[in-house]
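Fold and contact review
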Amino acid sequence: MKYRFKFNNAGYPLCIVEAPHDLFGQFLSFEIVPTRIKEIELAIEKFKSTDNMEVEVERDDAVLTIFPNGEVDLDMWAEDEEARDSKKITISDFEKVFFDWKNFLENKWEGYERCK
């Protein structure tokens, strides 16, 4: 899985993940607040510490589910609630992009500390 991080013209961080996993990049690009990052981190820890129990992280427009088999499913809805997109990756691929994203926010984006 290929991905990169950059800043848009307004100075906000973007997570860009190449297809077919691009939906995960869109999801993480909205996960820039430390409390939301911590919630995902705790979900990963819970998954690992509970014999791989199913764990969900819910947002208004998305649900991230870590399944017992190590598959991560992301369902996202558009504003009209009719349009839905769903993608799957392995927990190891998700962890890699997620923790790299967290590191990028903590070390490269000045706004991260202001969000606390």
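One can find the structure itself at the top, above this paragraph.
Residues numbered from 1 in each chain as written. Predicted model: local features only at pLDDT ≥ 70, side-chain atom pairs only at ≥ 80, totals over all residues. Heavy atoms only, no water.

**Observations regarding the overall build of the protein**
Selection criterion: Where helices and strands are cited, they refer to DSSP runs of H or I of at least four residues and of E of at least two residues respectively, numbered from the N terminus. For the exposure calls, accessible area comes from a 1.4 Å probe over protein chains only, and a residue counts as buried if that area is under 20% of its type's maximum, exposed if over 50%, partly exposed in between. We call two residues in contact when some of their heavy atoms are within 4.5 Å. Note that accessible areas follow from Shrake-Rupley with a 1.4 Å probe, and for residues the cover is restricted to the protein chains shown. Neither His nor the chain ends contribute to the count of charged residues, in which Lys and Arg are positive and Asp and Glu negative. In this description, the location of a charge corresponds to atom NZ of lysine, CZ of arginine, CG of aspartate or CD of glutamate.
Looking only at helices and strands, the protein has 4 helices and 6 strands in total. Counting only C-alpha atoms and orienting by the principal axes, one finds that the protein spans roughly 40 × 35 × 25 Å. The burial tally for the protein puts 40% of its 116 residues in the buried class. Of the contacts made within the protein by residues no fewer than 6 positions apart, 41% connect residues no fewer than 24 positions apart. When the accessible surface of the protein is totalled, it reaches about 7,000 Å², and 46% of it is carbon and sulfur. Within the protein, the 26 negative side-chain charges are centred at a point lying 7 Å from the centre of the 16 positive side-chain charges.

**Focus: the packing of aromatic side chains**
The way to describe two aromatic rings as a pair is by their centre distance and the angle between their planes. To keep things clear, this is the line we draw: Side-chain rings of Phe, Tyr and Trp, where Trp is taken by its six-membered ring, are said to pair if the distance between their centres is within 6.5 Å; with planes under 30 degrees apart they count as stacked, over 60 as edge-to-face, and otherwise as tilted.
Scanning the model with the defined rule gives 9 aromatic pairs in all. For the ring pair Phe98 and Phe99, a centre distance of 4.9 Å and an interplane angle of 70 degrees mean the geometry is edge-to-face. For Phe99, a relative accessible area of 32% translates into the label partly exposed. Three or more aromatic residues link up through ring pairs in this structure, and these residues are Tyr3, Phe5, Phe7, Trp101 and Phe104.

**Quick word on the sheet that holds strand β6 (residues 84-90)**
Rule in force here: Between any two strands, at least two bridges found by DSSP are needed for them to pair. Every axis in this analysis is a line fitted to C-alpha atoms, fitted for helices over the stretch in contact. Angles between the N-to-C directions lie between 0 and 180 degrees.
Spatially, the 4 strands line up as an open sheet ordered β3-β4-β5-β6, and their pairing is antiparallel. The open sheet is flanked by β3 (55-58) and β6, the only strands paired with a single partner. Going from strand to strand, the sheet's axes swing by 15 degrees on average, the running direction of each strand aside. Note that β3 and strand β4 (residues 62-66) share 4 bridges and pair antiparallel.

**Structural notes on the side chain of Thr65**
Rules: Counting of polar contacts relies on pairs of N or O atoms within 3.5 Å, with two restrictions inside protein: one atom must be capable of donating a hydrogen and the other of accepting it, and residues adjacent in sequence are counted only when both atoms are side-chain atoms.
Mapped onto the secondary structure, Thr65 falls in strand β4. One polar contact links Thr65 to Glu56, side chain to side chain, over a distance of 3.5 Å. With sequence-adjacent residues up to four places away left out, Thr65 is seen in contact with Glu54, Val55, Glu56, Glu71, Val72 and Asp73.

**Looking at the pattern of salt bridges**
Quick reminder of the rule: By definition here, a salt bridge exists when the distance from a side-chain nitrogen of Lys or Arg to a carboxyl oxygen of Asp or Glu is within 4 Å.
In the structure shown here, the tally under the stated rule is 9 salt bridges. The salt bridge involving Arg59 is made with Glu39; its shortest N-O contact spans 2.8 Å. With Arg59 in the loop between β3 and β4 and Glu39 in helix α2 (residues 34-49), this residue pair connects regions lying 20 residues apart in the sequence. A residue is classified by how much of its surface remains accessible, and Glu39, at 35% relative accessible area, is partly exposed. Residue Asp100 pairs with Lys96 through a salt bridge whose shortest N-O separation is 3.2 Å. Residue Asp100 and its partner Lys96 are located together in helix α3 (residues 91-108), separated by 4 residues, close to a single helical turn. For Asp100, a relative accessible area of 28% puts it in the partly exposed group. Look at the salt bridges and you will find they share partners, linking Glu31, Arg36, Glu39 and Arg59 into a network.

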